[in-house]
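Structure assessment
Each chain is listed here by its residues.
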Amino acid sequence: MERPMHEMLEAASRRLSLHMPGAQGQGPFGPVDPYRLETTELAATDDLYAPYGAVARAEALCARSAGAEQTLMLHGGSTAGVQAMLLYAAGKGGRVVLPRNAHISALHLCAMAGLEPVFAEWTMSDGLVSTPEESYLDALRRAPDAAAMLVVRPDYYGALAWPARAVAWARAHGVMVLCDEAHGAHLNWKASTPNAGELGADMFVQSAHKTLPALNAGAWLHAMPGVDAARLRRMVRMVDTSSPSFVGLMALDDARAWMDQHGAQALSRLEKAVARFYEAVAPLGYRPAGPAPHDETRLVLGAPQGGFWLQEALAARGVDVEMADERRVVCILSLMDFQPRLDALAAALGELGPAVRATKPLPAPPAGLPPRAWPLRRAAFAPTAPVPVGEAAGRVCGVTAGLYPPGTALLTPGEIITPALAGYLASLPPGRAFGLDAQGAIACAIDTEGA
């Protein structure tokens, strides 16, 4: 009898997890049998889209913890939350201000709903991408009729910058402020760091499964005063599953309950443990390498040998990190048993010996936004042809493509592939560019409307 998925998961469970999901093998209240507890919508249970019992109570308790007016539990992760927020704010069509590192789900929703993204320009420093406050303001001025502005905070690296002036401008001009706070579910219990709702967002989504002891795809969509929660729930129903796992919803509520009881203390202890870890590995040549301001519970370790080299070396020793880039590795730590994980990571680094520069970082990608030839929706649904990316200059891009990590879109559907971008993407090592096929070709849109 073959059970390939079970065998795969059993093997993975024996490795050291320094990546999401934040449960990392441990339920907050001990092990449970998911098959025994799993059920569906019944009179004795509840209905996720018309809650009246346990779901309604769980959402109310989470809203209290997040300081929100209303919280909706999601089974489709922050993907569903980002798309529901955009539908609520601009579902009838219109323009939305997005950063270039917006999750691809935002671009997919723009294509499906016919929304026009107005992008804020990004910058890169030391391999880290950011969207300056002035870039958001510039985008808002270019799109004074925008229905919404989406902010990503924190990102994979724990960056906590918040475009306060742009948010104030948006609110003063009737532009809804949305936040993809997928990596910040723990901020609801971190007194020193406000969540997006406290900072002025109208709606914000958090992936509990990323940093809390929850199961994959569990997320919360928080609405602040002034948002029609009933209408928002209708938007969620358009993009989330109609068959939610009640065990997944239970895990969301259990994560909230555990954080209500232990979260503030656990976060404080984790910050101190991460600081001690950096001190312990400094003699080996490793330094903290996160952005500023930065969520100190996110471990971002500079890797003089090169982040990819270090990621592979750790994986060979049974240690799996969340991600790596040219200069660093990023780890997510369990709030329940972070110390043994940090000790194991320090021991693995000690086995590798002093860090020595082994790779040369890639050059930064071309700055600026490429010109747009077609609306995103038209290009996203147009027929395409694969073209070697080095030969694609002047063509209309049919996909989202860029450098990974950090996952920032250098091209989106409908934009013109400039010679600089074509040359840059063609120069990347295999596997470093997303949006290209295995042969290094990029899908270019074919103009059937003008034919």
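What comes next concerns the included structure. The shown structure was predicted, so the numbers you read here are calculated from the model rather than taken from an experiment.

Describing the packing of aromatic side chains
The full count for this structure, using the stated rule, is two aromatic pairs. In this arrangement the basic side chain of Arg231 is found over the ring face of Tyr88, its NZ or CZ atom lying 4.1 Å from the centre. Sitting over the ring of Trp374, Arg378 keeps its end group 3.8 Å from the ring centre.

So, the pattern of salt bridges
A full pass over the atoms with the stated rule returns 22 salt bridges. Across the salt bridge formed by Glu59 and Arg233, the nearest N and O atoms sit 2.8 Å from each other. In this pair, Glu59 is assigned in helix α3 (residues 54–66) and Arg233 in helix α10 (residues 229–239), connecting sequence segments 174 residues apart. Note on accessibility: Glu59 and Arg233 belong to one class, buried. Put simply, Asp325 and Arg328 hold a salt bridge, and the shortest N to O gap is 2.9 Å. Each member of the pair, Asp325 together with Arg328, is buried.

Topic: unusual backbone geometry
Arg153 connects to Pro154 through a cis peptide bond whose omega is -10 degrees. Residue placement: Pro154 occurs in the loop between β7 (148–152) and α7 (164–172). The linkage connecting Tyr404 with the following residue, Pro405, adopts the cis geometry, with an omega of -20 degrees. The topology assignment puts Pro405 in the loop between β16 (401–403) and β17 (408–411). Its identity as a non-glycine residue notwithstanding, Ala217 has a phi of 80 degrees, on the positive side. Of note, Ala217 is situated in the loop between α9 (208–211) and β10 (219–223).

Focus on the packing of α3 against helix α11 (residues 246–281)
Where α3 contacts α11, the two axes come as close as 10 Å, and the packing angle between them is 40 degrees. It follows that α3 is oblique to α11 by the angle criterion. The two elements α3 and α11 meet at a crossing, and its hand is left-handed. Contacts between α3 and α11 pair Ala58, Leu61, Cys62 and Ser65 from the former with Asp253, Arg256 and Asp260 from the latter. Here the contact of α3 with α11 is built from residues that sort into three nonpolar, one polar and three charged.

Considering the pairing of strand β3 (residues 94–99)
Every other side chain in a regular strand lies on the same face of the sheet, so the side chains alternate between the two faces. In this sheet, strand β4 (residues 115–120) lies alongside β3 in parallel orientation, the contact comprising six bridges. Bridge pairing links Gly94 to Leu115 in β4. Where the polypeptide runs from β3 across helix α5 (residues 104–113) and back to β4, its parallel neighbour, the crossover connection is right-handed. Bridge count between β3 and β7: two bridges; the pairing is parallel. Its bridge partner lying in β7, Val97 is registered against Met149.

Brief notes about helix α12 (residues 307–315)
Inspection of α12 places Gly307, Leu310, Ala313 and Leu314 among the buried residues, and these make up the whole buried set. Around the axis of α12, the buried residues are gathered within 125 degrees of arc, so they sit on the same side. Buried residues belonging to α12 abut β12 (319–321), β13 (323–324), β14 (328–331) and α13 (338–352).

Rules used in this analysis
- Residues numbered from 1 in each chain as written.
- Predicted model: local features only at pLDDT ≥ 70, side-chain atom pairs only at ≥ 80, totals over all residues.
- Heavy atoms only, no water.
- Phe/Tyr/Trp six-rings, centres within 6.5 Å; stacked < 30°, edge-to-face > 60°.
- Lys NZ or Arg CZ within 6 Å of the ring centre and 35° of its normal.
- Salt bridge = Lys/Arg side-chain N within 4 Å of Asp/Glu carboxyl O.
- Helix = DSSP H or I, 4+ residues; strand = E, 2+ residues; numbered from the N terminus.
- Buried < 20%, exposed > 50% of the residue type's maximum accessible area, 1.4 Å probe, protein only.
- Axes fitted to C-alpha atoms, helices over the stretch in contact; angles between N-to-C directions.
- Parallel < 35°, antiparallel > 145°, perpendicular 65-115°, else oblique.
- Left-handed = near helix turned anticlockwise from the far one by under 90°.
- Contact = heavy atoms within 4.5 Å.
- Nonpolar A, V, L, I, M, F, W, Y, C, P; charged D, E, K, R; others polar.
- Pairing = 2+ DSSP bridges.
- Right-handed = clockwise from strand over helix to strand, strands pointing away.
- Arc of directions from axis to C-beta.

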